[in-house]
Amino acid sequence: MPATGRHLQANGTLTSPCQTGTLVCDGLNGWACTGGTVPSSEVCDGADNDCNGTADDALGSPVGDTCGIDEGECSTGITSATTAPSKCDGGQGPVAETCEWQGQRLRR
C-alpha cells in the first residue's frame, strides 16, 4: 500500500497494446509502477498506440484525405494508415483496357 497520506488513482481502461503495470515497494524510493505498457503517440502501423480504442487515429494529413481519381470507371478512396507507408483504400483505380460487348455496342 502507498505511504500514509498518499492514494492510488483508479486503473481506468486500457486497450491493447497498453497494459497496466504492478505497484511494488522500491525501498527508500517509495512505491513504483513496474511493467506495463504506457500510451505513446500514434504512428501509421495499424496499432492503437495511444490506447484510446482506435488504431491510427489523429494522424493528420494525408491519412483520411481523399485519394485517387474520380473519372471514367475510376473512383476516389480514402488514404489509410493500416500499413506503412499509407495507402489508398476503397475506390476503383485504373485497370488494363479490355474490349467487351455491352448491349449492342463494343465497349473499350
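Residues numbered from 1 in each chain as written. Predicted model: local features only at pLDDT ≥ 70, side-chain atom pairs only at ≥ 80, totals over all residues. Heavy atoms only, no water.

> What should I look at first to understand the state of the cysteines in this one?
A full pass over the atoms with the stated rule returns 2 disulfides. The disulfide partner of C67 is C88, and the S-S distance across this bridge is 1.9 Å. On the S-S bond that ties C67 to C88, the torsion sits near 95°, and the link is right-handed. Of this pair, C67 sits in strand 3 (residues 66-67) while C88 is found in strand 5 (residues 87-89), placing the two residues 21 residues apart along the sequence. Taking relative accessible area as the criterion, C88 reaches 39% and is therefore assigned partly exposed. Each disulfide in the protein chain links cysteines that, numbered along the sequence, combine into the pattern 1-2, 3-4. (Disulfide = S-S within 2.5 Å. Helix = DSSP H or I, 4+ residues; strand = E, 2+ residues; numbered from the N terminus. Buried < 20%, exposed > 50% of the residue type's maximum accessible area, 1.4 Å probe, protein only.)

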